[in-house]
Each structure stands twice: as structure tokens, then as C-alpha cells.
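A structural walkthrough
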Amino acid sequence: MTNLPSDEYEDYMSDGELQYEAKQPKLIENFSTTVIIANLPQVPESKVEKLTSVLKKLTGKVGTLSTDTPPLMPMNGDKTHGFAFITFVSSADAAKCVEAINSYQFDKSHKLSVHGYDDVCGLRDVPEKYVEKTARPYVPQADVGAWLRDPGQRDAFCIRQGHETEVHWADGLRDPVIDYDGSREKAAGIQWCKDRMEWSPKGSFMATIIKQKGVILWGGEKYEKLGRFAHADVDHVSFSPNEGYIMTVSNKPDAVDAVKIHDIKTGKMIRAFKLYPSDKFREEDEERGEVNPPQFSWSYNDEYIARMGEDLITIYELPSMKLLEKKSLLADGIKEFQWSPGANTLAYWSPEKGNSPAQVNLVAIPSRKLLRSKNLFQVNSVLMSWQDEGRFLGCKVLRHTKSKKTVYNNFELFRVMEEGVPVEMLDVKDAVFNFRWEPGGSRFAMVHAENAGATRMNVSFYDMDKTVKADEAGTKKKGKKLTEGQILPELNLVTTLVDRQCSSLFWSPAGGVIVLASLGDSSSGSLEFYDVNQTITLAMREHYRATDVNWDPSGRMVSTSVCQPLNGAYFKFQMDNGYMLWSFQGKQLFVAAYENFYQFKWRPRKVVLSKEAVKDVETNIKKYEREFDRADKERAKALYLEETKGKRLQRKTFRDRVADLRAVYKSQKQQRIAMNGGYDSDDDSNFTTTVVKMTEIIDTKETVIDEFP
């Protein structure tokens, strides 16, 4: 570098003092961003770098590590002490680390113990002498099962109409009555629910969504606020089957915590995830112009939660939310998976790839044992559907011919509870539009037609079990003699209904009865109530432009409704908005119309009676009929007394007035006698009674009777 003469750069120099301010890192006056990870392996100095790298990778998954303060692992002679200091950029990330990694099984011999640095330092301030704390007064919790003890055995439902959210009681005998309509919140100037609401699977909780803030849980006899789960821009919620956990989801692809898993009892967030498990799924959605990421799915007993990824299924244990066995379940080419509703079993399918056929696989969790694998060829798509008890799995397979010019359907029906999981095939030449299992039963129904553009449909009912009839008894099958009433695991056609206006199927939760509905903007809203046991139509009804059909949990009533989207700007069928209630036999019970109607949700109720108990009730139905008839009469009497309360009060007032007038009349008797010159008009002896009998012939008819010879 050439040195410039002083006279050439003298004008560039300032006469003032040099002002220099060093750029120092921001001073953190506490250690809330630092955690201590204890119970680490004690390693020599040569392995410190490798162990530090593993720790950075592990902790970096839950938060952003500080670059100014690298991990510190103190030495104890030639080995480490077995703990390390990890510093994050924020105290929130440090708190996440404590929640997520504490009790983490680092290896076979070391389970990590993670604590905040400030918490550990606080141990220095513990007094030597124990001071007993004053116990807080016991505050009883809201009874979330109070509604189940309703003396009228009524069912509840919630509606969202206009700016109102209302919970109603209904029993099918009289008009619905309001249980709670957010009056407490209205008095405080607050709208109870501004967006969607959801019931928990057993009906213990009601969740209301506040789009900008999160989700609030309500429950108890007075619908008290039981919990709040913060989540900005939340779009929907999902409860675990046993109501132990709640998942809140925001459809924000860039958010690192778009999916949050919370513990309902503690109110704490257990873990958060991005909306998409990988960029591949996001790119595919962007090409289609939609937001439809792979969803998390709960196991039936709240032990696991899983989500589909690229060629794998990630399964997390609850409540720790740690990856099961630290590895995902490999599932090459997976397109969809579903948990069994009755066991920790996963069903998933993958399409054909190269020379490998498409497959439907059943896998037991946590053992990862393959229970059944079914190879499929020339497959376009597979639609899986579980029977509600997990006894059967139905797969509707859309296939194509070798030329790919023609497509057809067939069903692969898995008997999951039987040894070896046998599979039955059912070929259907028609186009299939809908497929539904009967709750608690072995039957299923399908809607089908000759071509995809048909307007009139056929509905077929099949049974996975066959009952041996009297004329079949005594015959042999597979070397065994059949007896009347014996149940055989054999697929058979029950009946087919032809030429129906039907697009959707809705089985009663009690089984036996199904509603065949024609739903949608352009449909007639026809409803056929059909008894599958008797194979007869109970009623034909119509709800014009109906969009939803929902059974109550008991199967006594069914609702049909015309609902509009919650985002507004939907006034096309404003005159039809509202709901109707029907009996299971198709009798109309109630009608309500609203200018704006958004949701109708029956409150779920767990089935508490076993199949044996239900059979006992059916056997002793006469006894229960008498009990319920007595209860109905008492209820009708109480209702009559309540309805006639005003009339009976008017009658009492009238009678009291008459009694008063009679008392006055009686007190004036002597005055009347004196005024009448001693004549007492109330004395019967002053009157002469004459009885006159009169006979009047009204009609005469003569009949000639033949005499006997």
C-alpha cells in the first residue's frame, strides 16, 4: 500500500475526537435462556466434540441455539462431569427444551434430566428449616358429566345462527328448549362464539374457536370456562378419542407451530409442528391451489398420534410426544393411513411402483408386526373405511383394464378380528358413489349406478355374517353340520333398492335403520327412512336443499339442516336456512328457520351399555315398557300441571270470590227476612214441589216376524 503525503489527505481528517462505539452483544441480565442438561455420559476430552455435536443436534430441534454462547461441558479431571450448559436465543425456546427433552432416553443407560439454569440456582435460596405452606382452599371443579344425568333422558345439540350460539335439549316428545345461550357472556359484552364450535368425542367439552387468539373449552352444568389454548390464526381443532388431548391447527404454511398438541388436564402445550411434514406435500398443494396437508390422527386409546410423511408414518407416544422407538414406520409410496377404531392397528395403502403391485397393509403398534398384506394390481385409487368397532376394514378399489380405457370397482373386505385376517372380494360392475358400515353391526350399504352420470341410484345392503335358516339346518359345510341360527363368516347380499334419489347414506347409531338422502345445492332433498331388519321403507320425506343429516347419539331422532359457510357472502338459499327434527320412523317433530344458519351439532354421548346388556333389555322389553310408560305418564302429568298452572290459578281465584260472596249473602239472611215481612226465600218448606211425568213417542218402527209353522 502506498503512503500518501500528509499534505494530500490533511483536509480529510477531522479536528474533533474520534467517536468509536464497539458493537457488543446484548447483555442478558439473567440466565433464563440457559438450561442445564444432566445425566449425560461422562466422556474423555477426545469425545467431547462429538458429544457436543449430538447435543446441539438434539436441542436444535426444539429451539434456536445461541451463537454467542456455545454449549459448555465442564471437565472433571480427564472426563466430563456428566452435564452441560446449553444457551438459546430466547427464554421461550429454553422452556420448550425443558418440556420436550426432560426424561429423554439418550441411550440405554442415560435418561436426560433438563432444568432451567435459574431454577437450579434457586435451590441455593431454599431455607434450612422447612416452612409449611398454607393450603389453598379447595375449589370444586366443574362436573363435565352433569348433563348425562338429565332426568328426562334428553339429548343435547348446539346450533350457530346469526351471532348466536345456543345449546338445546330435545327428547322427541316436545319442542326443543334452550339449556344455555351464552347469556353470561352477553351480560359482559362478549360474544360466546365467533367462529366454529366442536364437541369433544364423549361430549364432556365444548370448544369454541376465536380465530385471532385460540380455542376455549367450556363444560359443566353452567358451561363454565375450563381451559384456554393460545394459537393465533387457528382454523380447526381435534380432540383425542378419550378427551385427554386437543390439537389446534392453523393453515399457515410458514408457521413453525402451525400444529399444536395440548394436554387438556394441565393446559400445557406438549409439542408443536409445521403444517407440512416436508416441502414435497406443500409443493403439491400449491400446484393444486389448495391447503390440504397430511393430518395427524389419534389412536383409539390416546396412546399414540401419527402423521404421514414421504414413504413413512411418524408415530409419537403420548403424553411424551417422543418418536416411537426413535424411528418412523417405513411405508414405501404411502398414500393414506387410518387407525383402527378398536385397536392400535394401522392400515395404509400404497400405489403400484415399477413392477411392484399396490398394497394394503395392516400393522400392529408398537410391535410393528405386519398382520396382513394384500397385493392389488391395475389400481387407480383405494378408499379405506373401518367398521366402528374395528372388526372389519373395507377397501373400495378403483381399478382399470390393461388398456386403461375402462375403470371398475371391487371391494377388499378384511376380517380383522379373525386369525390370519382373511380377505373377501366383492366385484361391483357399477360406479360406486358411497359406502357405509352399520354401527355396531356386520352390514354395510353402498350407493351405485350403471354410470357416473346417473341421476337415479341403486342401494345395496350386504352382511359379512350369514345366519343359518331352518331349511339349511342339518346340511354340512366344510365337514361340519349346520344348526339353525348359527352365524357363519360369509358375505351375502341382503337386498337391493333400485331407482332411488340418493347420494348419501346415514346409519342410525343404534343400527337397523338408515336414511337415504339426496343432498346438495341441486338436489331435491329427498329422505327415505328405511328399516334394514324388516326390509321396508318407513317413510318418504323431503327437506329442500338440505346440506347435512345427523343422527342423535341414541338413534331416536335425526336432524336435517341447510347450513351456509361461516365466512359469510352465501345468501343463495337464505330462505331455506334452518333445521328440522325427525323421529327415526320419519315423523316430523320440529322445524326452525333462520336468516343465517351455520352449524348443527348433536352432543356426542358414550355408549355405556354392552351388547349383552342391550340383549337383556330386548329380552325384557315388556318390563321396561311398563317402566317407561309410567315415567311418560308422570312426565305428561307434570307437563299438564305446568301448562295449566295459569288456568288453575284463575279457577281458584274465581272459587274464592264465589265463597266470599256466599259468606256475605249468608250474613245478610236476617235482614232479608225482616225486609220480606218474615218470609225466608231460602227455606224449602215455603215452596210446594210438584212432580209431573211426561212421555213423548219420538219414533215408531214395525217389524213383521215370520211365524214358525
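Residues numbered from 1 in each chain as written. Predicted model: local features only at pLDDT ≥ 70, side-chain atom pairs only at ≥ 80, totals over all residues. Heavy atoms only, no water.

1. Structural notes on the nonpolar core
The test is simple: By nonpolar core is meant a set of buried Ala, Val, Leu, Ile, Met, Phe, Trp, Tyr and Cys residues that side-chain atoms within 4.5 Å join together. Only protein chains enter the accessibility calculation, which uses a 1.4 Å probe. A residue is then buried if its area is under 20% of the maximum for its type, exposed if over 50%, and partly exposed in between. Numbering of helices and strands starts at the N terminus; helices are DSSP runs of H or I of at least 4 residues and strands are runs of E of at least 2. Whether two residues are in contact is decided by their heavy atoms: any pair within 4.5 Å suffices.
The biggest cluster of nonpolar side chains holds 32 residues, and the ones touching the most others in it are I261, I305, I313, I315 and F337. For this core, the secondary-structure elements that each account for two or more residues are β16 (245–249), β17 (259–263), β18 (269–273), β20 (304–309), β21 (312–317), β24 (336–339) and β25 (345–350). By residue number, the principal contributor to this core is β20, which donates 4 residues. I305 has contacts with M247, I261, F296, S297, W298, T314, I315, Y316, L318 and M321, leaving out every residue within four places of it along the chain. Listed in part, the 18 residues of the second largest apolar core include L58, M73, C97 and L112.

2. Side note on the environment of K252
Looking at where K252 falls in the secondary structure, it is placed in the loop between β16 and β17. What makes K252 partly exposed here is its relative accessible area of 42%. Sequence-wise, K252 and D233 are 19 residues apart; in three dimensions their C-alpha atoms are separated by 7.9 Å. Setting aside chain neighbours within four positions, we find K252 in contact with D233, A258 and L275.

3. Considerations on empty space enclosed by the protein
Stated precisely, the cut-off is as follows: With a 1 Å grid spanning the protein atoms alone, the term cavity applies to any set of points in which a 1.4 Å probe fits but cannot get out, the term pocket to an open set with protein on both sides within 12 Å along at least five of seven lines, and the term lining residue to any residue with an atom within 4 Å of a point. Grid points are joined across faces, edges and corners, and a volume is the space filled by probe spheres set on the points. Three classes are used: nonpolar for Ala, Val, Leu, Ile, Met, Phe, Trp, Tyr, Cys and Pro, charged for Asp, Glu, Lys and Arg, and polar for all others, with Gly counted as polar.
One pass over the structure, following the stated rule, counts 1 cavity of 30 Å³ or more. Of the pockets and cavities examined, the largest cavity occupies roughly 50 Å³. Lining the largest cavity are M247, V249, V259, L275, P293, P294, Q295, F296 and R307. Residue composition of the lining of the largest cavity, by class: 7 nonpolar, 1 polar and 1 charged.

4. What about the environment of I315?
Its location among the elements puts I315 in strand β21. Spatially, the C-alpha atoms of I315 and V215 are 25 Å apart, while their sequence positions differ by 100 residues. Discounting residues that sit within four places of it in the chain, I315 has contacts with Y304, I305, A306, K322, L323, L324, L329, W339, L346 and I365.

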